[in-house]
Amino acid sequence: MRLPCLCLHNRKSRNDGGQHPGPISIPFIRPSQHLSPSDLQSTPSTISLVQLQSTRTQYLFDVISKVPQAQYLLFNSVFELEPSVMDALQATFPFPVYSLGPLIPYFNLHHHNSSRPTAPNGVDYIEWLDAQPRSSVLYVSQGSFLSVSSAQMDEIAAGLHSSGVKYLLVARDKALSVKESFCGGLGMVVPWCDQLKVLCHPSVGGFFTHCGWNSTVESFFAGLPLLAFPIEMEQVSISKLVAEDWKIGWKVKGTNGDLVRREEIAELVRRGHINPMMNLCKLLSSRRNDDILVTFVVTEEWLGLIGSETKPDSIRFVTIPNVLPSELVRAADMVSFIDAVLTKIEEPFEGILDRLEVPADVIVADSFLPWAVDVGRRRNIPVASFWPMPVTVFSMFYHFDLLAQNRHFPVEFPERAEVTVDNIPGLSPFRLSDLPGIFHLQNQTLLQRVVEVQVPNVPQAQYLLFNSVFELESSVIDALQATFSFPVYALGPLIPYFNLQYHNSACPTAPNGVDYLEWLDSQPQSSVLYVSLGSFLSVSSAQMNEIAAGLHSSGVKYLLVARDKASSVKESFYGGLGMVVPWCDQLKVLCHPSVGGFFTHCGWNSTVESFFAGLPLLAFPIAMDQIPISKLVAEDLKIGWKVKGANDDLVRREEIAELVRRFMDSENVGRKELVERAREIRETCRRAIGKGGSSEKNFEAFMKDISK
């Protein structure tokens, strides 16, 4: 066990004013690793900052107090993983401090072929793993000492079963009942396994773990991303290291005792929302269902993310191996992810084209896959380049040369942040601070890769498709149509509006069992502020606390999606005015009559959904294209206000509360203008997809083009 020695430096759980405490500074921990009180707490039966006099906690203090009397201090850790705290301890104690890890039985791994383990029930799980695709299996184990309740194990098993992901679940004494209830063709349930051999098996792509230290260190050795599900003791602090400091996993829940429901587990395993490319395929298929066949090529991991999505029979999935970094960890190293996208997909994709029974008539490829144009040219297959972000952002990247020629790049912050750019064809003037976040990075490697991909390759395609509405970005689309010699089609909004008709027959609930639509039904019209900050990038815990506290004190009704922070936010700030959930069906919520506004990170899919719903926005961009989108929302389309710019400063609860009050005040003149403009945008979007609308005409023109 790895004793939670970091918990010994601060005994306060609340400050004198009773406010939710901020980060706790602990000696030897660098500022980026400062802990919140929830990182030091566990379930009520074990270590907690409000239970320091408990028998178990007192025992731990007694143990730690004896350490300075030893002659050596040995750790089951790796120096490079915790160098700052190791250096500090070495400077503190007069005797040697050694990190000797990982202290795991890696020396037994070479016996894999000569000593093949089986589970106690006789199941050869290694043989089963041998038959699975590379990195396709999620290994699930909740430890051998402490364990989850039977109810929680049932939720975990059911969530895995409905996720569509292959799994190997260690259920110990519950294995037989779990297997009988939930195990199907996707999974295997065993009471025990040789964990390190399983983690190092090539078919295993992730570890759903309680974050016991031994298990965590074994996962490090195996190089696997983690889903962190701490039960108690040091596991809580370890889950923080995993998810926030080392950024090699996500938290499934916080440290409270609430049951995590099967829907939430399934969503975490499948993480991600409907890809606009899938919506494009569904809409294409719906127009020519009898004479169009869509082969949707994804990695094996992504099949697990979207494979259970309802789709027409005319759309079929075909997989390539997991040649890309996992979705669990790709945000930590986007340069490596982009490099893999550029170099590792082309060959297996061509193999799929060789095996198709019916030859492809057109290739629709994301604009960040430049090799698709080369493949199409070699095979005489037309290629449609699909850009899923705003046309405005495409033009910023495409005209990078103009930025450089006019000395608008490199961008020098903050000195030149307010310098105006007015020479991009079709774009209204914008500030350098309005450029995508990638332009602001000191390391320009990622930007260079994106520009190298887009600029020379898009003009070689036969079509350019956008997830936008012509009337919303008409001037820049007109400029691009004048630039390129091939058709440029705006086909948006590419959102699942075709699912809205099922509202009454299939009312969704949040993963914690809350019927948020029923709650919305009981609220006055346009009285609720919907708050969600995306599924890929997210704000810090400190910023989420400020947002939640600001909402709570604003006096405005709200529905807040807090994802993995939902339980802690709910405990701290939840009251009669608001509801906190880890997930919801966003488009159904936005179109609900009681919702009157959207506090958003300005991801493009979320923004387009709000256009369709006709809602004003509070724009809170985090990174990437969200920054120019917030400018589009607040200054060009004039349907929202900015909460902050693109800087990293914490926006305080008082500022958020005041802004929310004004934004949702039906008598406020500024809000009335936003509401009127949002209604106009809604009608524009719905006309575009209606009979004779701009997007409808573009769909038909594209279908006619590829049917020749």
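On a predicted model such as this, the values are computed, not experimentally measured, just so you know.

Student: Honestly, a nonpolar patch on the surface in this entry has me stumped. Any pointers?
Tutor: Together, Y72, L74, Y98, L100 and L103 give the surface a local cluster of nonpolar side chains, amounting to about 550 Å² of exposed area. Within the element layout of this structure, L103 appears in the loop between β2 (97-99) and α3 (125-130).

Student: Got a minute to help me understand the packing of aromatic side chains in this structure?
Tutor: Each aromatic ring pair is described using two quantities: the centre-to-centre distance and the angle formed by the ring planes. With the rule as written, the count across this model stands at 27 aromatic pairs. Ring-pair connections join several aromatic residues into one group, and the members of that group are F368, W387, F394, F397, Y398, F400, F409, F439, F466, F484 and F486. Its end group placed over the ring of F699, R287 keeps NZ or CZ at 4.3 Å from the ring centre. In this arrangement the basic side chain of R686 is found over the ring face of F612, its NZ or CZ atom lying 4.1 Å from the centre.

Student: What exactly am I supposed to notice about the packing of helix α13 (residues 346-355) against helix α14 (residues 371-379) here?
Tutor: Two quantities define a packed helix pair, namely the angle between the helix axes and the distance between the axes. The interhelical angle for the contact between α13 and α14, taken along N-to-C directions, is 35°, at an axis separation of 11 Å. The handedness of the crossing between α13 and α14 is right-handed. Between α13, through E346, F349, E350, L353 and D354, and α14, the contact on the second element is made entirely by W371, V375, R378 and R379. Of the residues assigned to the contact of α13 with α14, the class counts are 4 nonpolar, no polar and 5 charged.

Student: Teacher, can you tell me more about the confidence of the model for the chain here?
Tutor: Scored by pLDDT, the chain comes out at a mean of 79, with 76% of its residues at no less than 70. Averaged pLDDT values for the elements of the chain fall to 47 in helix α9 (residues 262-269) and rise to 97 in strand β16 (residues 488-490). Every residue in residues 1-35 scores below 50 in pLDDT, and together they form 72 contacts with partners more than four places removed in sequence or on other chains. Counting interchain partners and residues more than four positions distant, the pLDDT-below-50 stretch residues 37-53 has 58 contacts.

Student: What should I look at first to understand the sheet that holds strand β15 (residues 463-466) in this one?
Tutor: Paired through their backbone hydrogen bonds, the strands of a sheet run either parallel or antiparallel. An order of β11-β12-β15-β16 is seen for the 4 strands of this open sheet, with the pairing classed as parallel. The sheet is open, and its two edges are formed by β11 (363-366) and β16, each paired on a single side. Strand after strand, the sheet turns through a mean of 25° between neighbouring axes, direction not considered. Pairing geometry for strand β12 (residues 383-387) and β15, over 4 bridges, is parallel. Directly across from W387, in β15, lies its bridge partner F466. Running at roughly 140° to β16, helix α27 (residues 694-706) makes contact with β11, β12, β15 and β16 of the sheet.

Student: Please explain the side chain of Q132 as it appears in this structure.
Tutor: For Q132, the position within the fold is in the loop between α3 and β3 (137-141). A polar contact of 3.2 Å, which involves the side chain of Q132, links it to the side chain of K166. Contacts of Q132, omitting those with residues within four sequence positions, involve V137, K166 and S203.

Cut-offs and rules
Residues numbered from 1 in each chain as written. Predicted model: local features only at pLDDT ≥ 70, side-chain atom pairs only at ≥ 80, totals over all residues. Heavy atoms only, no water. Patch = residues over 30% accessible without salt bridge, like charges linked within 9 Å, V, L, I, M, F, W, Y side chains within 5 Å. Areas by Shrake-Rupley, 256 points an atom, 1.4 Å probe, with all protein chains shown as cover. Salt bridge = Lys/Arg side-chain N within 4 Å of Asp/Glu carboxyl O. Helix = DSSP H or I, 4+ residues; strand = E, 2+ residues; numbered from the N terminus. Phe/Tyr/Trp six-rings, centres within 6.5 Å; stacked < 30°, edge-to-face > 60°. Lys NZ or Arg CZ within 6 Å of the ring centre and 35° of its normal. Axes fitted to C-alpha atoms, helices over the stretch in contact; angles between N-to-C directions. Left-handed = near helix turned anticlockwise from the far one by under 90°. Contact = heavy atoms within 4.5 Å. Nonpolar A, V, L, I, M, F, W, Y, C, P; charged D, E, K, R; others polar. pLDDT = per-residue confidence, 0-100. Pairing = 2+ DSSP bridges. Polar contact = N/O pair within 3.5 Å; in protein donor to acceptor, adjacent residues only side chain to side chain.

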